[in-house]
Amino acid sequence: MTVIDKIAPEGSKAGERVSPRPTFRHRLSRWDVKVSPYLYIAPFFIVFGIVGLFPLLYTAYVSLFKWKAGDDTPDFIGIDNYKDLFADSQFWNALTNTISIFLLSSVPQMIMAVMLAALLGARLKGATGWRVGILLPYAASLVAIGIIFANLFGPKYGLINGVLQTIGLDPVDWQANRFSSHVAIAIMVNWRWTGYNALIVLAAMQAIPKELHEAALIDGAGMWRRFFSVTLPLLRPTLVFIIITTTIGGLQIFTEPKLFDALPGSNNGGSSNQFQTVTLYLYQSAFENSSLGYASAIAWVLFVIIVVIALANYFLTSRLTRTPAVKKK
Amino acid sequence: MRALIPVNKVVEHVRTIRNGLVLALGITMTALGASACSGGGDNNPPAAAAPNEHVDLTLSTFTEFGYEALIPEYERLHPNIKITHNKTGQGGPYHQEVITKLAAGSGLADVMALEEGHLSDFLDKGSKFNDLTKIGPADVTPDRWLGWKYDAAKTKDGKLIGYGTDVGPLAMCYRKDLFKNAGLPDDPEAVKPLFATWDSYFAAGADYVKKSGGKAWFDSASQNFNAMVNQLPQGYISTDDKLAVETNQGIKDAWTKVTDAVAKGESAKLTAFSNEWNTGFQQSAFATKVCPAWMLGVVKEHAGAENANKWAVTAAFPGGGGNWGGSYLTVPTQSKHPKEAAELAAWLTAPEQQIKAFQAKGTFPSQVKALTDPALLSKTDDYFGGAKVGELFAEQAKKVQKPQYKGPGDGQIQENAASPALQAVEQGKPAAEAWQQLVDAAKKITR
Amino acid sequence: MTTTLQSSALRKRVATLGKPRKATYIVLAIFVLGSLFPFYWSFLVASRDNAMLGQRIPPFVPGGNFFANAARVFDTVPFWKALANSVIVSGTVTLTTVLFSSLAGFAFAKLRFRGQNGLFVFIVITLAVPTQLGIIPLFIAMSELGWAGHLQAVIVPNLVTAFGVFWMRQYTVDALPYELIEAARVDGCSMIRIFWSVCMPAVRPAAAILAMFTFMMSWNDFLWPLVVLDAGNPTVQVALEKLQSGYYIDYSLVLAGTTLATIPILIVFVLLGRQIVAGIMQGAVKG
């Protein structure tokens, strides 16, 4: 296959006779090819400039000050906020909570999403209905989620404890115990996001040509072998995609812990911060304690942590889903 | 299928990323100007509008103030003024928004309601609010309000930033039927001795627990603790703005009494205003309740029709009296029409208007004249057995002592240090550990 | 390895490839029930009253109050306005996100330009920026521009997302073969024409999925609209939050409101759902 690899900026093709003086149209075309890419990606960068870059730089600036909201003359304290942060046990507590909730939610979620996608990829009767049904939780309003899950996980009157007691088990104080609160929040997160990720994986799975499966089947591969040798490697870019987005999202989990606290509107993440995540601590520092400088330091440290972990995840996933030998027609 | 990102290229293009960042930074900074913090106000306050010049005012409140009928009335009296009334739901998010907009330098309404529990966060930002003694109408004098209410809105340097709206004088609500079943007196006069002091209150509680076979006496430890701390001469913060939690013996004593009561099973272990607390009313989970004036409506709604006439309220409160809740109307310096805004605030907080608000939504007046108004004194509540609630709470309002000094961070210590610590005790944490948690959290808040 | 296509068993296996087993339906049913239960439960509460929440074993049959509660929602907050605002905001954001993401995805996937890999990595890194603290500087920016309280403040920051660019690039890489582009170039098409007539049709399934996800995400966006909009000009989520005013929360009212708020999304599902299934079934153009 002799395909020209990319649209080369010069716009000339092999063997084409180049006229001595390029016509206006020709120059316009070359200019079009050269400049268009930058124009096409510009909207994103402009929006990001306002929404992402400006706040990011502003918070970097603010993090160097002891800046309370409403202060007209904040004091410059250099990296003291960061020093305090690393000595702050509540921060480490929040970080541990974040990682724990992240692992408890994303690992099962990934597995379930891939499994669901595999199931949904079959020739089901009423396929649209099943797929929409799985995606529906993503449509739920946050207001509703807060109320619903507070009622499900209520320690005294909640439905789940009611069911547990009916089958003879002890009720669990979901908000009190650190581990159980993480499990409950992971359930909330997974309820909302599993269908979403499943559909993304499904789209990628459906792009795998059927002939590949048939060929593997004819070659004697059973269902599992086919899954690991045909499906999974071809899913690699998509898996990398959702693992990175899930990692980034998972380390920023904010809404679910905030809604899970019995006291409405609380940013504590539990009576002893059992389930306070880093973003929740950030929000509390900024909007309850009015310590904008400190909150900015938290934001930057979190940002760096996320980048590091996301990169690590990317390398890990690339390695794990390396393409084994697959016969391609 | 190709790999998503060629790994080696990432390393190669660090320089490109940096160039990209610099470029983006330049564009962004040029586009938006480099002013980070636009600060609070002008140095020259806006001039008053000429009479009959059209003025648009915005008013921001939360939960229920009872102003729905008053706004159109004011507009009728002042045809050149148009008022937009923004009502938010809960107090917590409302005050967080206020902080955001204060920091941003814009977005606040001309008249902003602030709750007394959050007031301490704003008293040290006095420069962001107008001094109402200077821009308010001349006929508005301190004796309009109860002394402690008026004084609580003054900053350290004597600036008055808010006109008082309502108050929450404390009384005690209790379940007549549950008292009777446990062999306790149930008549509002007869129960008064039980509620005379905190010691007698908790002792009665222990008694109730025994006699009722293990039922809870009160809903939440923090409800009692907050009331107790509020009655002390000194609160969490001393008058020179230093944290006083560890040195204040009154706080430590209150802690010990409350946690002992929890250990005796007197607490229903519910978090106030949570979902389960709402259900707790229906399930008759507790027999007494700290009741500021505005709590009556809450009890009625949550306990529902089937518990009518079971709840009663009495004009007694352990430790004498106290106040929980109540708000102020402030005029931030961001306002473009401070004089007109102050006039509106003054009118809304006049005794006549506050009575109307009380009749609409039950917000209890803080104005002295209103407390002797016949409309108030004759108010009864059928749900609470026909009790004369107006008279009752007017009596309680007079029992409140001098306001406690609320230094910066006071409200947060109550909400984010004390209440969670008590919740932890109710969830099983040893009291000594939880006390340490309280102290540490308080230290962090006032850092 | 010899293939024995004559073997009827093997032929049968190939023919039934992809046909679901009974177990599949059972597992899927469990998941769908789990997904739907909270919705059903909130509809139960919305169709009854608050008292239902206090009961140990709640009734599982809807009551008759739903329409009464729904009517009250419209009386308590400007819900029609909120719905209209949300449609405008989410609709605009969806259109622009799909358009700009497809453009950028096309550029990154099929065009060659200096710095493209670095810029793309940069876009991925932007996903890591925590949004919560951005609230204050973003609010300052919106105030400076005079947009606070207006819909622009909610639309402009969401015009295009890193996720969208990421997603469209990936799909475009596989779905749009160079032959098609080359053919169009030979025919003398300009870049933008190629994008519109060649690229967009090829990536339509991915664009439809992105549209659906973006619409849902925008519809449920909560924190930022709460900060920058006010009660007079709300989106649906802001209006729902205002339903919880007062010291006393009427859950049946709030959940009636949330149920109403979910209906437009269901409509979007109905409209786009078939598109997506059809698109997915077609599969990508093999390259």
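Values in this document were obtained by computation on a predicted structure and should not be read as measured data.

J.: In this structure, what is going on with the sheet that holds strand β9 (residues 311-314) of chain B? I would like to understand it.
T.: Within a sheet, adjacent strands bond to each other through the backbone by hydrogen bonds, running parallel or antiparallel. All names here are of chain B. Sheet architecture is open: four strands sit in the order β7-β8-β6-β9, paired in mixed fashion. Every other strand in the sheet has two partners, leaving β7 (216-218) and β9 as the edge strands with one partner each. Neighbouring strand axes in the sheet, compared pairwise and without regard to direction, differ in orientation by 20° on average. Each of β6 (170-175), β8 (286-292) and β9 is contacted by helix α12 (residues 275-282), which is oriented at about 120° to β8, the strand it contacts most.

J.: Please explain the interface of chain A and chain C as it appears in this structure.
T.: When the parts come together, some accessible area is lost, and that loss is often what is quoted as the size of the interface. Taken together, the contact between chain A and chain C spans 103 residues of the former and 110 residues of the latter. Around 9,800 Å² of area is buried between chain A and chain C when both sides are counted, 77% of it from carbon and sulfur atoms. Linking chain A with chain C are zero salt bridges, by the criterion used here. One can count eleven residue pairs in polar contact (both at pLDDT 80 or more) joining chain A with chain C.

J.: I'm lost on the state of the cysteines in this one. Help?
T.: A disulfide bridge is the covalent bond that connects two cysteines by way of their sulfur atoms. Residues and elements named next belong to chain B. Scanning the model with the defined rule gives one disulfide over all chains in all. Across the disulfide from Cys173 sits Cys291; the S-S distance is 2.0 Å. As the torsion about the S-S bond is roughly -105°, the Cys173-Cys291 disulfide counts as left-handed. Of this pair, Cys173 sits in strand β6 while Cys291 sits in strand β8, and the two are 118 residues apart along the sequence.

J.: Please clarify how unusual backbone geometry should be interpreted in this entry.
T.: Among all residues save glycine, negative phi is the norm, and among peptide bonds the norm is trans. For Asn273 of chain A, which is not glycine, the phi dihedral falls at a positive 55°. Examined against the element boundaries, Asn273 of chain A turns out to sit in the loop between α11 (255-260) and α12 (278-287). A positive phi angle is found at Phe273 of chain B, which is not glycine, with a value near 70°. Accessibility expressed as a relative area gives 22% for Phe273 of chain B, which makes it partly exposed.

J.: So what exactly am I meant to see when it comes to the pattern of salt bridges here?
T.: Pairs may arise between side chains of opposite charge once their charged atoms sit close together. All names here are of chain B. Tallied over the entire structure, the rule returns 25 salt bridges over all chains. The residue Glu73 makes a salt bridge to Lys356 at a minimum N-O spacing of 3.2 Å. With a gap of 283 residues between them, Glu73 in helix α3 (residues 70-77) and Lys356 in helix α15 (residues 351-361) connect regions that are remote in the sequence. Look at Lys356 and you get partly exposed, because its relative accessible area is 35%. A salt bridge links Asp410 to Lys406; its shortest N-O distance comes to 3.8 Å. A single salt-bridge network, built from bridges that share partners, covers Glu64, Glu68, Lys87 and Lys361.

J.: How should the packing of helix α8 (residues 162-175) of chain C against helix α11 (residues 204-219) of chain C be read in this particular structure?
T.: For any two helices packed against each other, one specifies the inter-axial angle together with the distance between the axes. All names here are of chain C. Running from amino to carboxyl end, α8 crosses α11 at an angle of 160°, the nearest separation of the two axes being 9 Å. Classified by the angle their axes make, α8 and α11 are roughly antiparallel. The interaxial crossing formed by α8 with α11 has right-handed handedness. Only Pro205, Ala206, Ala207, Ile209 and Leu210 of α11 make contact with α8, whose side of the interface consists of Phe163, Gly164, Trp167, Met168 and Tyr171. Taken together, the residues of the contact of α8 with α11 sort by class into nine nonpolar, one polar and no charged.

J.: When you look at the side chain of Ser35 of chain C in this model, what are you seeing that I'm missing?
T.: Checked against the element boundaries, Ser35 of chain C lands in helix α2 (residues 22-46). The class of Ser35 of chain C is buried, set by a relative accessible area of 8%. Non-local contacts of Ser35 of chain C, meaning those with residues more than four positions away in its chain, are made with Gly133, Ile134, Pro137 and Trp191 of chain A.

J.: Looking at this structure, I do not really get the packing of aromatic side chains. What am I missing?
T.: The final tally for this structure, using the stated rule, is 78 aromatic pairs over all chains. Residues Tyr383 of chain B and Phe384 of chain B carry aromatic rings whose centres are separated by 5.5 Å and whose planes lie at 65° to one another, so their mutual orientation is edge-to-face. Looking at Tyr383 of chain B, the relative accessible area reads 8%, which means it is buried. With a centroid separation of 5.7 Å and 15° between ring planes, the pair formed by Phe120 of chain C and Phe166 of chain C is classed as stacked. On the criterion of sequence distance, the pair formed by Phe120 of chain C in helix α5 (residues 116-126) and Phe166 of chain C in helix α8 is long-range, its members being 46 residues apart. With a relative accessible area of 3%, Phe120 of chain C lands in the buried category. The class of Phe166 of chain C is buried, set by a relative accessible area of 2%. Taken together, Tyr38, Tyr138, Trp193, Tyr196 and Phe241 of chain A together with Phe108, Phe113, Phe120, Phe163, Phe166, Trp167 and Phe213 of chain C form an aromatic cluster joined through their ring pairs. In this structure, Lys110 of chain C packs its charged tip against the face of Tyr178 of chain C, placed 4.1 Å from the ring centre.

Here is what the cut-offs are and how they apply
- Residues numbered from 1 in each chain as written.
- Chains lettered and ligands numbered in written order.
- Predicted model: local features only at pLDDT ≥ 70, side-chain atom pairs only at ≥ 80, totals over all residues.
- Heavy atoms only, no water.
- Pairing = 2+ DSSP bridges.
- Helix = DSSP H or I, 4+ residues; strand = E, 2+ residues; numbered from the N terminus.
- Axes fitted to C-alpha atoms, helices over the stretch in contact; angles between N-to-C directions.
- Contact = heavy atoms within 4.5 Å.
- Buried area = accessible area lost by both parts, 1.4 Å probe.
- Salt bridge = Lys/Arg side-chain N within 4 Å of Asp/Glu carboxyl O.
- Polar contact = N/O pair within 3.5 Å; in protein donor to acceptor, adjacent residues only side chain to side chain.
- Disulfide = S-S within 2.5 Å.
- Buried < 20%, exposed > 50% of the residue type's maximum accessible area, 1.4 Å probe, protein only.
- Parallel < 35°, antiparallel > 145°, perpendicular 65-115°, else oblique.
- Left-handed = near helix turned anticlockwise from the far one by under 90°.
- Nonpolar A, V, L, I, M, F, W, Y, C, P; charged D, E, K, R; others polar.
- Phe/Tyr/Trp six-rings, centres within 6.5 Å; stacked < 30°, edge-to-face > 60°.
- Lys NZ or Arg CZ within 6 Å of the ring centre and 35° of its normal.

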